[in-house]
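Single-letter residue listing:
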Amino acid sequence: PAVALKRKLLLSEIARSIHERCDPVHAGRAHFRDRKAAWDILNKWVFRCIALSSEANPLPRNEPVIPRRTDAQMVQWLASQLTTMYGMEANLPCAFSLCSELLLEAEAACTTLEQHKSAANGQWRMRLEAGKAICDESLGLTWREHTTQNGAEVVILWRSSDGNDQSYEYSITLWRHHYTRLANTYLANGHDAKLLHCRLFSMVCRYDALSEDKSAFQAALPPRMLEILHKQFDVEHECYASPLNRLLDSFGSAFLDSDHWFGSLGPFHHFRPMQGSFEANPPFDHASVAACFRHCGSLLKESDAPLSFVVVIVQMDFSHSLQQAFNRCAPFLSRPVVRAEASKHAYLMGLQHRCTGGGKRFWVPEKGSQ
């Protein structure tokens, strides 16, 4: 829990730094629209690193969330994001300078987190060597149920002390039915019941960290659409989901380390089915979509058995690299591309495990989908 919360705080600092460095006129203001641009860049940055880790020669990636690539390709991409989102086209040298500062800050955040993780591991190793147990209670976790006007909820509270009479508290909240499903999946897979809330807290904290002001990257297909895909195409697995927004029993997600406790089979680029029917709804950034197309194309080329993917993305400009990735799938297209008009379709809210967006369950994108 301590590491999960520290990661959340470090990600928040990076997002704040993006905004304050790139938009000094509004620095310090808490306007949602201003913060949203920074979180949009940070989410794209995180998922771009995950997508690039699927390539043949990925850079070392010890930290699963905080971006730490500093290669020339990443510098160019991040600078283009800063110029586009913050209107810095007229001052490209400044954009590249800010980009370098942000890359160094992200690298420093990874180092800080590794030190924090090492200290936490050392503390609990000593506890084990002294013959003391590690469980939810000893880690400072408690939970309770309560009912609001929106429904029954479960609150998991983490309380810790730094040894100097300074206590820290942080809580996560889930709908009761989400908590029950997660707990049942965890226990059915034979995991240690005494660490349920520790692992649940850490997993939820991670997704809450990425979605502080931007949750579109966690949006999911509506239940009715998945039901139709299952009925018409025998779709039985979601390639891009999370323990919090998955609808099918079989699913994959970006973070195997935190999510496998709750049934995830891991990132799509590690998933290698030779037959079956699958739904893929990757994060809506070019790198993730391109990686999805490349992997689908490779799997379809390698398989002689019945294999299909229903890929759902927002409408986007197909750059040269994205078109090349799509071309790997083109020989296997068995249905024409279906398009949904902007504002006439919806996705399930990414953070459906708790009350968000004024209680709304669905998100209507400003762009069309296909």
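Residues numbered from 1 in each chain as written. Predicted model: local features only at pLDDT ≥ 70, side-chain atom pairs only at ≥ 80, totals over all residues. Heavy atoms only, no water.

## Some details on helix α10 (residues 320–327)
So, step 1. Turning to α10, its buried residues are Leu-322, Ala-325 and Phe-326. Buried residues of α10, viewed axially, fall in a sector of 100°; they line one side. (Buried < 20%, exposed > 50% of the residue type's maximum accessible area, 1.4 Å probe, protein only. Helix = DSSP H or I, 4+ residues; strand = E, 2+ residues; numbered from the N terminus. Arc of directions from axis to C-beta.)

## Comments concerning the confidence of the model for the chain
So, step 1. On average, the chain scores 87 in pLDDT, and the residues at 70 or more come to 90%.
So, step 2. For the chain, the element scoring lowest by mean pLDDT is strand β9 (residues 362–363), at 82; strand β6 (residues 276–280) scores highest, at 97.
So, step 3. In this model, residues 25–32 is a region of pLDDT below 50 whose contacts with residues beyond four sequence positions or in other chains number 8 contacts. (pLDDT = per-residue confidence, 0-100. Contact = heavy atoms within 4.5 Å.)

## Remarks on the nonpolar core
Soluble globular proteins tend to pack their nonpolar side chains together in the buried interior.
So, step 1. One finds Ile-18, Leu-42, Trp-45, Leu-82, Ile-156 and Leu-200 to be the most contacted residues of the largest nonpolar core, which totals 66 residues.
So, step 2. Within the residue set of this core, elements represented by two or more residues are α1 (2–22), α2 (32–52), α3 (72–86), α4 (92–129), β2 (151–161), β3 (167–175), α5 (176–188) and α6 (196–210).
So, step 3. Apart from the residues within four sequence positions on either side, Leu-82 is in contact with Ile-18, Cys-22, Ile-41, Gly-87, Met-88, Ala-95, Leu-98, Cys-99 and Leu-102.
So, step 4. Judged by nonpolar contacts, the second largest core, of 31 residues, contains Leu-229, Val-314, Leu-322 and Cys-329. (Core = buried A, V, L, I, M, F, W, Y, C linked by side-chain atoms within 4.5 Å.)

## Re the layout of surface pockets
Rolled over the atoms, a probe sized like a water molecule indicates the empty space that remains.
So, step 1. If you add up the space inside the second largest pocket, you get close to 1200 Å³.
So, step 2. Taken together, 33 residues make up the lining of the second largest pocket; nearest its centre are Pro-1, Ala-2, Val-3, Ala-120 and Trp-124.
So, step 3. Elements with a minimum of two residues in the lining of the second largest pocket: α1, α4, β2, α6 and α8 (256–259). (1 Å grid on protein atoms, 1.4 Å probe; cavity = no way out; pocket = protein on both sides within 12 Å on 5 of 7 lines; lining within 4 Å. Points joined across faces, edges and corners; volume = space filled by probe spheres on them.)

## Re the pattern of salt bridges
So, step 1. One pass over the structure, following the stated rule, counts 17 salt bridges.
So, step 2. Where Arg-21 meets Glu-105, a salt bridge forms, and the shortest distance between an N and an O atom there is 3.2 Å. Placement of the pair is Arg-21 in helix α1 and Glu-105 in helix α4, with a sequence separation of 84 residues.
So, step 3. On the basis of relative accessible area, Arg-21 is assigned to the partly exposed category, the value being 32%.
So, step 4. One salt bridge in this structure joins Lys-44 and Asp-40, with 3.3 Å as the shortest N-O distance. One end of the pair, Lys-44, and the other, Asp-40, are both in helix α2, 4 residues apart, so they sit about a helical turn from each other. (Salt bridge = Lys/Arg side-chain N within 4 Å of Asp/Glu carboxyl O.)

## Quick look at the pairing of strand β7 (residues 307–311)
Within a regular beta strand, the side chains point alternately toward one face of the sheet and then the other, so they alternate between its two faces.
So, step 1. Pairing of β6 with β7 involves 5 bridges; the strand directions are parallel. Among the inter-strand pairings, Glu-279 is bridged to a residue of β7, identified as Val-310.
So, step 2. Taken together, β6, helix α9 (residues 286–302) and β7 constitute a β-α-β crossover, and its handedness is right-handed. (Pairing = 2+ DSSP bridges. Right-handed = clockwise from strand over helix to strand, strands pointing away.)

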